[in-house]
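# Results of the structural survey
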Amino acid sequence: MTAYEPLQVPAQDNDALVYGFTPCEGGVCAAEGMLAAGISAGFRRNPDRRDLALVVARKTATCAATFTQNRFCAAPVQVSRPRAAAGRARAVVLNSGNANASTGEQGVQVAEESARIVAQALGCAPEEVLVASTGVIGVPLAIDCFVTGVPSIVAQLAHSAEGAHNAAQAVMTTDTVAKEAAYAGQVSGRTVHVGGFVKGSGMIQPNMATMLAVVSTDAPLTASAAHAALLDAVRSSFNKVTVDSDTSTNDSCFLFATGEAGGEPIDEASPDFPAVAAALKAVCQDLARKIAADGEGSTKLVTVDVLGAATPADAETVCRSICNSPLVKTAIFGHDANWGRVAAAAGKCGVPFDQYQVDIDLLGVPVCRGGLTVPMDEADMLSRFEDPEVKIAISLGMGESSCRMWTCDLTHDYVTINGDYRT
């Protein structure tokens, strides 16, 4: 039997560590100047579940955002998109349980009114308040829960890990855990923090961000620098996640930069920009992996690497095809080392390659070389499936481009969860 070396898969990118940033506590409140809270305001039938989150900068902050490209975009997206484009914001209010999507002009008016209620409570302009919602589509969202809930949540705002965690819990829908991350490091002798939370478990194939995410930093980013850093972070994190190939109507990712770390403003040409941008990317990638690991009904985080593609676009097309293949995902759930499903998913998507140049690894084990089977130890492969993360690597032998994406397995529970989601 010929012995083959595993494919040389690049290490997980984390330039934040290179710049001296390390994980820390605090979530979205890790950054100085950020406050957060989460309460039960009545959007859900269950009074024990938090369903209203509020994230606030003590002072008006630099802001950037990305939004869903779904043409059926929700009312909060319609309201927040032009406000975020101004580059300055004070707060974002988020509710779960109702997406306020496909609700017409009434939905837009409710989104605008909810922002006005928050603005009045904070003493800022309504245009400085962003809005986001998640939940069932097509159901009118009443304003009543904002009227009664906003005074209560404003009173609970805190610059604390608890406040951040409560906010992260309040945006959960089918998520099983709150998803948070934060990093801290030195930039020009000053301590800078980047942190945030995200919600997302199903209807996940973002085309900008994923469901609802709020990230923050106390670095003094300019509006253009914040926008550039967020776009780069989103491209290599949230846009590389898929659970079920469906893009939400409500995807929104917000970045607040308070500047409270001090120092001169940081623009794209600043020597400090790469470090802050790397920390933001690390936070977003951490959150993206947590989304995939918590995919609806999933039991495994799946990392797919496509190597040796002719172009970056080819690499991503093949990677996405493998990640979204129901046959690949169900094979992983069944602990079946069926590499043929990976090969078929790669071959169906229209990217040209020579099948006899293709190499495939499953779980770090060579299973295909030159398009042909490599004998494997089935008992060994079965034991490897006990790991919480399943890694797939495929080399197309066509060039130097690569892509990494994250997904999860497909289980009976996914069908159960989505079969009765609305009712």
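Scroll up to find the structure this text is about.
Just so we're clear, the structure is a prediction, and the values are computed from it rather than from any experiment. (Residues numbered from 1 in each chain as written. Predicted model: local features only at pLDDT ≥ 70, side-chain atom pairs only at ≥ 80, totals over all residues. Heavy atoms only, no water.)

Of regular secondary structure, the protein possesses 12 helices and 15 strands. Taken over C-alpha atoms, the radius of gyration comes to 22 Å for the protein, in line with the 22 Å a tight globule of 423 residues would show. Across the 423 residues in the protein, those meeting the buried criterion constitute 56%. Excluding contacts between residues fewer than 6 apart, the proportion of contacts in the protein whose partners are at least 24 apart in sequence is 81%. Between the centroid of the 30 positive side chains of the protein and the centroid of its 46 negative side chains there is a distance of 5 Å. (Helix = DSSP H or I, 4+ residues; strand = E, 2+ residues; numbered from the N terminus. Rg over C-alpha atoms; globule rule 2.2 N^0.38 Å. Buried < 20%, exposed > 50% of the residue type's maximum accessible area, 1.4 Å probe, protein only. Contact = heavy atoms within 4.5 Å. Lys, Arg positive; Asp, Glu negative; His and termini not counted. Charge placed at Lys NZ, Arg CZ, Asp CG, Glu CD.)

What follows concerns helix H9 (residues 326-333). Turn by turn, an α-helix covers 3.6 residues, leaving residues three or four places apart pointing in a common direction. For H9, every residue scored as buried is listed here: Val 328, Lys 329, Ala 331 and Ile 332. End-on, the buried residues of H9 take up no more than an arc of 160°, which puts them together on one face. Taken together, the buried residues of H9 touch strand E10 (301-309), helix H8 (312-324), helix H10 (339-347), strand E14 (389-395) and strand E15 (401-408). Directly after H9, the chain includes His 335, whose backbone phi takes a positive value near 55°. (Arc of directions from axis to C-beta.)

Two pairing modes exist for strands in a sheet, parallel and antiparallel, and in both the strands are linked by backbone hydrogen bonds. Strand order across the open sheet formed by six strands is E13-E12-E11-E14-E10-E15, with mixed pairing between neighbours. Sheet topology places strand E13 (372-373) and E15 at the edges, where each strand pairs with a single neighbour. Two strands pair when backbone bridges link them, and strand E11 (residues 359-362) and strand E12 (residues 365-369) are joined in this way by three bridges, in the antiparallel orientation. What sits directly across from Ile 360, in E12, is Cys 368. Lying over the sheet, H8 contacts E10, E14 and E15, oriented at roughly 20° with respect to E15. Across the sheet, H10 lies against E11, E12, E13 and E14, angled at about 130° from E11, the strand it touches most. (Pairing = 2+ DSSP bridges. Axes fitted to C-alpha atoms, helices over the stretch in contact; angles between N-to-C directions.)

Once that is clear, we can look at the pairing of strand E3 (residues 52-67). On any regular strand, side chains alternate: one points to one face of the sheet, the next to the other face. Within E3, 13 of the 16 residues are buried, which leaves the element mostly enclosed by the surrounding structure. For strand E2 (residues 34-39) and E3, the ladder comprises six bridges, and the chain directions are antiparallel. Directly across from Ala 37, in E3, lies its bridge partner Leu 54. Inspection of the sheet shows E3 paired to strand E9 (residues 252-257) by six bridges, in the antiparallel sense. The partner of Ala 65 across the bridge, within E9, is Phe 254.

Attention shifts here to the packing of aromatic side chains. Under the defined criterion, the tally for this structure stands at two aromatic pairs. Judged by centre distance (4.9 Å) and plane angle (65°), the ring pair of Phe 43 and Phe 146 falls under edge-to-face. Placement of the pair is Phe 43 in the loop between E2 and E3 and Phe 146 in helix H4 (residues 144-155), with a sequence separation of 103 residues. What makes Phe 43 buried here is its relative accessible area of 13%. Looking at Phe 146, the relative accessible area reads 2%, which means it is buried. Plain terms: the ring middles of Phe 67 and Phe 254 are 5.8 Å apart, the flat faces sit at 80° to each other, and that makes the pair edge-to-face. Placement of the pair is Phe 67 in strand E3 and Phe 254 in strand E9, with a sequence separation of 187 residues. For Phe 67, a relative accessible area of 6% translates into the label buried. For Phe 254, a relative accessible area of 0% translates into the label buried. (Phe/Tyr/Trp six-rings, centres within 6.5 Å; stacked < 30°, edge-to-face > 60°.)

Attention shifts here to the pattern of salt bridges. Opposite charge on two side chains permits pairing when their charged atoms draw close. As enumerated under the stated definition, the model contains 11 salt bridges in all. Between Lys 281 and Asp 232 there is a salt bridge, and its shortest N-O distance comes to 3.2 Å. Of this pair, Lys 281 sits in helix H7 (residues 273-293) while Asp 232 sits in helix H6 (residues 223-235); the two residues are 49 residues apart in sequence, bridging distant segments of the chain. According to the relative accessible area criterion, Lys 281 is partly exposed, its value standing at 22%. With its nearest N and O atoms 3.4 Å apart, the salt bridge here joins Asp 286 to Lys 290. (Salt bridge = Lys/Arg side-chain N within 4 Å of Asp/Glu carboxyl O.)

Looking now at the packing of H6 against H7. Closest axis-to-axis distance for the H6/H7 pair is 9 Å, and the angle between their directions is 40°. For the element pair H6 / H7, the angle class is oblique. Handedness of the H6/H7 crossing: right-handed. For the pair H6 and H7, the contacting residues are Ala 225, Ala 228, Ala 229, Leu 230, Asp 232 and Ala 233 in the first and Phe 273, Ala 277, Leu 280, Lys 281 and Cys 284 in the second. Across the contact of H6 with H7, the residue classes tally to nine nonpolar, no polar and two charged. (Parallel < 35°, antiparallel > 145°, perpendicular 65-115°, else oblique. Left-handed = near helix turned anticlockwise from the far one by under 90°. Nonpolar A, V, L, I, M, F, W, Y, C, P; charged D, E, K, R; others polar.)

Take it as geometry only, folks, not as evidence of what the structure does.
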